[in-house]
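Structural description and commentary
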Amino acid sequence: MPEIKKTKKAEKKVVSVSPIPGVEKAKKTYNVLRGMHDILPREEKYWKQLYHAAENLSEYFQFSRIETPLLEEVNLFVRSVGKGTDIVDKEMYIFEDKDGARVALRPEATASVARAYIGNGMWNMSQPVKLWYWGPMFRHDRPQAGRYREFFQVGYETLGVKDPATDVELILIAFNFYKELGLPVEIHINSIGTPAERERYINELVSYYRSKRSYLCEDCRNRISKNPLRLLDCKVEGCQPVKEGAPQIVDWLDEESKNYFMKVLEYLDELAIPYVLTPTLVRGLDYYTHTVFEIYPTFGEPGSQSALGGGGRYDLLVEELGGKPAPAAGVALGIERTVHAMKQYAEENKIPAPEVKYDIFFAQLGDEAKRRALHIINDLRGTGIKIAFNFFKNSLKNQLEAANNLRVSYVIILGQKEVQDKSVIIRDMESGVQEIVDQKKLESILKKKLNRI
């Protein structure tokens, strides 16, 4: 029988083949992390409008800007926001840095502002100290429309005084913020009194909820023993009938706390700010005392809207963080939620999106004209005249089309002849009439045409 020789199996070679001949295999692309988002140029018109409204209000109501770090010690938020809150127990981004310290990305800014107030000796300044901020916060929350894991807030904090007018000033700022944006809102408001008053109320609340334990979600069953006040903050649909029948904290407030709250409401009545008394409103942070409030849009389907912002008093926080006693109050407003609400309101009411309005368009023809045009545009920068231009469209036809799309009143035209003559052509876009003017007189002529004199 002939001998059968074993042969080696041919080795398989893996060859990377590009789908397109002569083109290398595509490199890995990266997606934004879940819950994070890019703020794109098409969103800028909304963000700019919100920032200008916030800044204008800060100047009018005399709040000074403060910037605090994104990273803080973990215990700053554990002590201020509180153990048993969703923020501390579930949502904070906590990690150990290279020095071994446990740090957190800030989930909110009030605790950071209070720390800065203490650490920088602001209690020695004339009181109250009124501060405002704008910046990102971080919570590992469930992403949804208008809610992200990195999100921006604008906030206003008043430290060093306890007065109903302080609470209402902050509510007024928030109300005016949304009024300037054209969004109808109302204030949901409550008083949670002092810690002693809350303690008496919590005993009654726990007794009530224990009798309804079988109707509660898993989180609420845990809250009964861990943090009972958070029971009133639950948004699970099945828990709402139980919450509606719960005892109301206002019945456990003493006369001083009730009188304080009544004065807040009297101010709101005087200002004609729409508000809703909400006995179950407690906010999701442990540092609050007395007045608490949230801002809700009054459009859209009932019950479908999340709060756009909120705040309240935190009279004990500064002392709790190691400072001298300093009563305080604050409000924070969500930027992404507000942008989402603006788009929704505009869609429902067929309102066009906000646009940047330009006064003139500067058209140029040729390299020399382009160089001279840039010089003139820069000279006009501080005049208040808003100038649109596009140095990458070379034909006059294309530039006039761009000017027409921007709906400007006038177009300045600079060609080779005008460069030599040191003149420009001003074209009235409505009538089509053109006139030649001296470059040196351009600013005064434009101001006259635009009624800026």
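Here goes a summary of the coordinates provided. (Residues numbered from 1 in each chain as written. Predicted model: local features only at pLDDT ≥ 70, side-chain atom pairs only at ≥ 80, totals over all residues. Heavy atoms only, no water.)

**Some remarks on the pairing of strand β4 (residues 102–105)**
As paired strands, strand β2 (residues 71–73) and β4 are joined by 3 bridges and run antiparallel to one another. By the bridge assignment, L71 is partnered in β4 with L105. The pairing of strand β3 (residues 94–96) with β4 spans 3 bridges and is classified as antiparallel. By the bridge assignment, E96 is partnered in β4 with R102. Linkage of β3 to β4, two consecutive antiparallel strands, is achieved through a turn of 5 residues, within which G100 is found at a positive phi near 90°. (Pairing = 2+ DSSP bridges. Helix = DSSP H or I, 4+ residues; strand = E, 2+ residues; numbered from the N terminus.)

**Focus on the pattern of salt bridges**
Across all of its chains, the model carries 19 salt bridges by this definition. With a shortest N-O distance of 2.9 Å, D219 and K90 are connected by a salt bridge. Of this pair, D219 sits in helix α7 (residues 218–226) while K90 is found in helix α3 (residues 86–91), placing the two residues 129 residues apart along the sequence. For D219, a relative accessible area of 33% corresponds to the partly exposed category. Look at K90 and you get partly exposed, because its relative accessible area is 45%. Its salt-bridge partner being D233, residue K235 comes within 3.3 Å of it at the nearest N-O pair. (Salt bridge = Lys/Arg side-chain N within 4 Å of Asp/Glu carboxyl O. Buried < 20%, exposed > 50% of the residue type's maximum accessible area, 1.4 Å probe, protein only.)

**So, helix α2 (residues 74–81)**
Judged by how many residues are buried, α2 sits mostly within the fold: 6 of 8 residues are covered. By the burial criterion, the buried members of α2 are V74, L76, F77, V78, S80 and V81. One or two steps after α2, the chain reaches G82, where phi turns positive at roughly 110°.

**Re the sheet that holds strand β15 (residues 423–428)**
With mixed pairing, the 5 strands of this open sheet are ordered in space as β13-β12-β14-β15-β16. Two strands in the sheet have a free side with no partner beyond their single neighbour: β13 (387–389) and β16 (434–438). Pairs of neighbouring strands in the sheet enclose a mean axial angle of 30°, with direction left out of account. Where strand β14 (residues 410–414) and β15 come together, 4 bridges link them in antiparallel fashion. Across the sheet, I412 pairs through a bridge with I426, a residue of β15. Contacting β12 (360–364), β13, β14 and β15, helix α12 (residues 367–379) runs over the sheet at an angle of about 155° to β12. (Axes fitted to C-alpha atoms, helices over the stretch in contact; angles between N-to-C directions. Contact = heavy atoms within 4.5 Å.)

**Quick look at the packing of helix α5 (residues 164–180) against helix α9 (residues 255–271)**
At their nearest, the axes of α5 and α9 sit 9 Å apart, and the two run at 45° to each other. Judged on the interaxial angle alone, α9 and α5 are oblique. Considering the relative orientation of α5 and α9, their crossing is right-handed. Residue-level contacts link P164, A165, D167, V168, I171 and L172 of α5 to Y260, K263, V264, Y267, L268 and L271 of α9. Here the residues of the contact of α5 with α9 are counted per class, giving 10 nonpolar, no polar and 2 charged. (Parallel < 35°, antiparallel > 145°, perpendicular 65-115°, else oblique. Left-handed = near helix turned anticlockwise from the far one by under 90°. Nonpolar A, V, L, I, M, F, W, Y, C, P; charged D, E, K, R; others polar.)

**Brief notes about the packing of helix α1 (residues 44–60) against helix α11 (residues 335–349)**
The geometry of α1 relative to α11 is characterised by a closest axis approach of 10 Å and an angle of 115° between their N-to-C directions. The interaxial crossing formed by α1 with α11 has right-handed handedness. Here Y46, W47, Q49 and L50 of α1 come into contact with α11, specifically with I335, E336, T338, V339, M342 and K343. The residue makeup of the contact of α1 with α11, split by class, is 6 nonpolar, 2 polar and 2 charged.

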